[in-house]
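# A closer look at the structure
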Amino acid sequence: MSDAALTIIAYDIPSDRRRRRIARIADDFGCRIQYSVFYAWLTRSQRDMLIACLESAIDPDEDAILIVPVCERCRHQVVELGQCAIEPLPLCWVF
């Protein structure tokens, strides 16, 4: 996972239905850290896939999504306080 970057996903979706759908998509790629904020360790191709999935699920006239890749240099400046632990998830396979 060496080419994966920490990626922050945050959204503001007024529609309950679309918000649930966006949350499910974000949860497929990462972990929730706040109600509408997720983090994920994504390669460029995974980030592109995430963006495509989110684009197909939003109303661009009403919804707002922010996807922020954190470079390795900046990652070391991220401050985690309290119970926050932004670490890569272990790889697991489901058959």
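Check the entry above for the structure.
Figured I'd write up the structure that's included with this text.

### Some words on the packing of helix α1 (residues 16–29) against helix α2 (residues 44–57)
Their axes nearest at 10 Å, the elements α1 and α2 cross at an angle of 170 degrees. Viewed along their axes, α1 and α2 adopt a mutual orientation that is roughly antiparallel. Of the residues in α2, those in contact with R18, R21, I22, I25 and F29 of α1 are Q46, M49, L50, C53, L54, S56 and A57.

### Some thoughts on the side chain of T43
Here T43 is to be found in the loop between β3 (37–42) and α2. With a relative accessible area of 16%, T43 lands in the buried category. Those residues in contact with T43, other than ones at most four positions away along the chain, are D3 and A4.

### Let's talk about the packing of aromatic side chains
Each aromatic ring pair is summarised here by two numbers: the centre-to-centre distance and the angle between the ring planes. The tally for this structure, following the rule as stated, stands at 1 aromatic pair. A cation sits over an aromatic face here: R32 above Y35, 5.5 Å from the ring centre.

### Describing a positive patch on the surface
Taken together, R17, R20, R21 and R24 make up a surface patch of like positive charges. Of note, R17 is situated in helix α1.

### Observations regarding the environment of Q46
Structurally, Q46 is set in helix α2. A sequence separation of 42 residues divides Q46 from A4, and the C-alpha atoms of the two residues are 8.9 Å apart. Residues in contact with Q46, not counting those within four places in the same chain, are F29 and W41.

What counts as what
- Residues numbered from 1 in each chain as written.
- Predicted model: local features only at pLDDT ≥ 70, side-chain atom pairs only at ≥ 80, totals over all residues.
- Heavy atoms only, no water.
- Axes fitted to C-alpha atoms, helices over the stretch in contact; angles between N-to-C directions.
- Helix = DSSP H or I, 4+ residues; strand = E, 2+ residues; numbered from the N terminus.
- Parallel < 35°, antiparallel > 145°, perpendicular 65-115°, else oblique.
- Contact = heavy atoms within 4.5 Å.
- Buried < 20%, exposed > 50% of the residue type's maximum accessible area, 1.4 Å probe, protein only.
- Phe/Tyr/Trp six-rings, centres within 6.5 Å; stacked < 30°, edge-to-face > 60°.
- Lys NZ or Arg CZ within 6 Å of the ring centre and 35° of its normal.
- Patch = residues over 30% accessible without salt bridge, like charges linked within 9 Å, V, L, I, M, F, W, Y side chains within 5 Å.
- Areas by Shrake-Rupley, 256 points an atom, 1.4 Å probe, with all protein chains shown as cover.
- Salt bridge = Lys/Arg side-chain N within 4 Å of Asp/Glu carboxyl O.
- Lys, Arg positive; Asp, Glu negative; His and termini not counted.
- Charge placed at Lys NZ, Arg CZ, Asp CG, Glu CD.

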